[in-house]
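Fold and contact review
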Amino acid sequence: NIHTKSYLRHVESMKILPSGAGQISELKAVILGDSLASEENDLVFPSQPFSNQALVSSPQKYLEMYKRSIEDPAGFWSDIASEFYWEKKWGQQVNSENLDVTKGKISIEWFKGGITNICYNCLDANIKAGNGDKVALHWEGNEPGVDGSLTYRQLLERVCQLANFLKDKGVKKGDTVIIYLPMIMELPIAMLACARIGAVHSVVFAGYSAESLNQRVVDCKPKIVITCNAVMRGKKIIDLKNIVDAALLESSQNGISVDLCLTFENESAMKKEATKWQKGRDIWWQDVVPKYPTTCDVEWVDAEDPLFLLYTSGSTGKPKGVLHTTGGYMIYTATTFKYAFDYKDSDIYWCTADCGWITGHSYVTYGPLLNGATVVLYEGVPNYPDSGRCWEIVDKYNVTIFYTAPTLYVTRHSRKSLRVLGSVGEPINPSAWRWFYNVVGDSRCPISDTWWQTETGGFMITPLPGAWPQKPGSATFPFFGVQPVIVDEKGNEIDGECSGYLCVKSSWPGAFRTLYGDHERYETTYFKAFAGYYFSGDGCSRDKDGYHWLTGRVDDVINVSGHRIGTAEVESALVSHPQCAEAAVVGVEHEVKGQGIYAFVTLVEGVPYSEDLRKSLVLVVRNQIGAFAAPDKIHWAPSLPKTRSGKIMRRILRKIASRQLDELGDISTLADPSVVDQLISLADS
Ligand code: 6R9
């Protein structure tokens, strides 16, 4: 195996190091020599005390486990799966797969024939293990001082009440339930209640517009919609019930009518009396759910029975309903959570993602609860009432593991409790990485830069904190059982130092099994581009030490006069300029070069935009990448359009860059849609 070889080389090169030593610059000189001072060769070592207590404490240990996971996936994963509760064990064959379209239908199965329930494993099993009185969820409301918590036992009781209600209303195994809720405890409760009775949940992020919600209702035809009347985002009230009403009206005109809309009264945002109501269809959660018994038998399901659908946008066309099944997803999210965050029973874990995204499914709800973790849920926005809020929350709950999109700002507060940081959603450029490491983590906490996707269910390429030195901006090495390959245009695997398209060879337990109702699109989108592989849609390079560097979506690659330039590369160069706070780069049509480089740039607070500064920004890119990569246009951006999960919406930036202002599309998922108007007004300044 080529990759195992390159890791071996890597490990050999590290044997000369005193393990976990902290003096980066001296060590760098020892192993790399002076000539290799470029950014990607900067190694950041875990501290000795951290490595000593880590689950995977050395590259050798990782390599041992990784090798076994590749050579004997069935053995590796069934050993882990045996630690979970199964009503009946899986059959003789642990897994089977076909990832090659030329050999027939694409199919992936793990633990088929095994009978289990993920809600049981999250709650009942942890209570049986003595964690009944441990806090499962700490909830922090939008308004400071508004909070609450539930122990594992209390959470189970709430879940059972809702599960009983759903059953009573005729929701059965295999039925779909749409959940349109903000980050209140009822959101994970609703997910778990569906899982308990074998219903398939489809959480729709409560920032989606009525039109988007309608699309999803029409596609998955839910038995019931669970929502709440309103939510506060900072000082703004969002009337969710209105949005649901509009969506359901539209879907009924499309021939799909939903008969039941269970509505939670989110009192701190809006009173019952102020809520629009459709008699006969709408029911208040508080009026009915608490009347149901606090115990509820589990619906045992097959490992390959569907657990949830989660819609994600494709590059074109209607949203894709990514379908995950039960057993493999359960084992995979639990295991990735445990190792990538070096999870210990005493940890307090906070992931800032919303449950409306995959990160909230795998790493707010399932992964952490399967491990019996204490999870912080936050209802609000990171900068309300001010930019210190996140750190206030970290200090208030003594958060030890903090997982976020790398776009937050730090002020005051101690953050002493932190020990592991995580990053997700976008390539984190070396400057942002250093800031996260030095400022947020006080140069003490390893960063798990986790590369993965809605489709992959869980982490694919990620550091294991404490196991090996990190390189700022690199997601490092594959998780157990994952075989990333980099292929060229023709689909040939390339070895060693290289860059190309990131694919995955062989399945892993957390892989999605189909696109809901459209298996053909599943095959075409993900398995036809490079036969035999799952194609991620991302570009990636691998350096001589085997570290992986994600370069962004392949559709974000700009081809300038035949030079392939990752938008992330140009962004990294721009943000290395001391006066540049953030940058987003897109391609635009260019008469001569084919594509030109268009850069949106946010300056450090207080720095005025000037012609000299523009020149020096362009110069930085010329110097770091080459003249061919010099931006054709620098567009000053007081802020960038981002989703609530922190992803820059390049689709919108591309439209602004090419001045296709009437084609901006749906901007309802932006954290702050007014950013768009601001950018347009600055387009030609
Ligand atoms: C988990 C999640 C997936 C896309 C993925 C890639 C980008 C996510 C990343 C990253 C570089 C990381 N992405 N994590 N790129 N480094 N650590 O975000 O899922 O919403 O489906 O997005 O996000 O481009 O293809 P999803």
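Rules and cut-offs
- Residues numbered from 1 in each chain as written.
- Predicted model: local features only at pLDDT ≥ 70, side-chain atom pairs only at ≥ 80, totals over all residues.
- Heavy atoms only, no water.
- Pairing = 2+ DSSP bridges.
- Helix = DSSP H or I, 4+ residues; strand = E, 2+ residues; numbered from the N terminus.
- Near = heavy atom within 4 Å.
- Polar contact = N/O pair within 3.5 Å; in protein donor to acceptor, adjacent residues only side chain to side chain.
- Areas by Shrake-Rupley, 256 points an atom, 1.4 Å probe, with all protein chains shown as cover.
- Nonpolar A, V, L, I, M, F, W, Y, C, P; charged D, E, K, R; others polar.
- UniProt positions renumbered as here; feature names shortened; annotations may be inferred.
- Axes fitted to C-alpha atoms, helices over the stretch in contact; angles between N-to-C directions.
- Contact = heavy atoms within 4.5 Å.
- Phe/Tyr/Trp six-rings, centres within 6.5 Å; stacked < 30°, edge-to-face > 60°.
- Buried < 20%, exposed > 50% of the residue type's maximum accessible area, 1.4 Å probe, protein only.
- Expected span 1.5 Å × (residues − 1).
- Parallel < 35°, antiparallel > 145°, perpendicular 65-115°, else oblique.
- Left-handed = near helix turned anticlockwise from the far one by under 90°.

Here we take up the sheet that holds strand E25 (residues 534–542). Spatial strand order, E22-E21-E23-E25-E26: five strands in an open sheet with antiparallel pairing. Both outer strands of the open sheet, strand E22 (493–494) and strand E26 (548–553), are each paired with one neighbouring strand and no more.

On to the site of the ligand, then. In the vicinity of the ligand there are 16 residues, among which Asp449, Thr450, Gln453, Thr454 and Arg553 approach most closely. The separation between a nitrogen atom of the ligand and a polar main-chain atom of Pro427 is 3.4 Å. Thr450 has a polar backbone atom sitting 2.8 Å from a nitrogen atom of the ligand. Protein chains shield 90% of the accessible area of the ligand, which is 530 Å² for the free molecule. Every element with two or more residues in the shell around the ligand is listed here: helix H14 (358–370) and E26. Of the residues contributing to the shell around the ligand, the split by class is six nonpolar, five polar and five charged.

As a further point, take the UniProt feature "domain: Acetyl-coenzyme A synthetase N-terminal" (unreviewed entry) in the protein. Feature annotation in UniProt assigns "domain: Acetyl-coenzyme A synthetase N-terminal" (unreviewed entry) to the following positions: residues 62–122. Its end C-alpha atoms 27 Å apart, residues 62–122 is made of 39% helix and 16% strand.

Here the focus is the sheet that holds strand E16 (residues 348–351). Spatially, seven strands are ordered E5-E4-E17-E16-E18-E19-E20 in an open sheet, and the strand pairing comes out mixed. A strand with exactly one partner marks an edge of an open sheet, and here the two such strands are strand E5 (147–151) and strand E20 (447–449). Taken pair by pair, the neighbouring strands of this sheet meet at an average axis angle of 15°, ignoring direction. As paired strands, strand E4 (residues 135–140) and strand E17 (residues 374–378) are joined by four bridges and run parallel to one another. Across the sheet, the residue bridging to Trp139 is Leu377, located in E17. Where helix H15 (residues 389–397) meets the sheet, its contacts fall on E4, E5, E16, E17 and strand E18 (401–404), and the angle it forms with E4 comes to roughly 145°. Lying over the sheet, helix H16 (residues 430–440) contacts E18, strand E19 (420–423) and E20, oriented at roughly 155° with respect to E19.

For the coordinates displayed, the defined rule picks out 57 aromatic pairs. Relative to Tyr403, the ring of Tyr363 lies with its centre 6.3 Å away and its plane at 85°, an arrangement referred to as edge-to-face. With Tyr363 in helix H14 and Tyr403 in strand E18, the pair connects residues that are 40 residues apart, well separated along the chain. Across the pair, Tyr403 and Tyr363 agree in class, each one buried. On the basis of an interplanar angle of 85° and a centroid distance of 5.0 Å, the ring pair of Tyr363 and Trp452 is categorised as edge-to-face. Residue Tyr363 is located in helix H14, and its partner Trp452 is located in the loop between E20 and strand E21 (483–487); the two are separated by 89 residues in the primary sequence. By relative accessible area, Tyr363 is classed as buried at 0%.

Once that is clear, we can look at helix H11 (residues 240–253). Taking 1.5 Å as the rise per residue, H11 with 14 residues should run 20 Å; its terminal C-alpha atoms sit 20 Å apart, in good agreement. Every buried residue belonging to H11 is among Leu240, Lys241, Val244, Asp245, Ala247, Leu248 and Ser251, and all of these are buried. You can read the cap of H11 off the contacts: a side-chain oxygen lies 3.4 Å from the backbone nitrogen of Lys241, and it is on Asp239. Count one or two residues on from H11 and you reach Gly255, which has phi positive near 90°.

Under the feature "domain: AMP-binding enzyme C-terminal" (unreviewed entry), the UniProt entry names residues 569–647. Taken end to end, residues 569–647 comprises 27% helix and 32% strand; its first and last C-alpha atoms sit 17 Å apart.

The N-to-C vectors of helix H20 (residues 650–657) and helix H21 (residues 674–681) enclose an angle of 25°; their axes lie 11 Å apart at closest approach. Taken together, the axes of H20 and H21 are roughly parallel relative to one another. Judged by the twist between their axes, the crossing of H20 over H21 is right-handed. Residues Ile652, Leu653 and Ile656 of H20 pack against Val676, Leu679 and Ile680 of H21.

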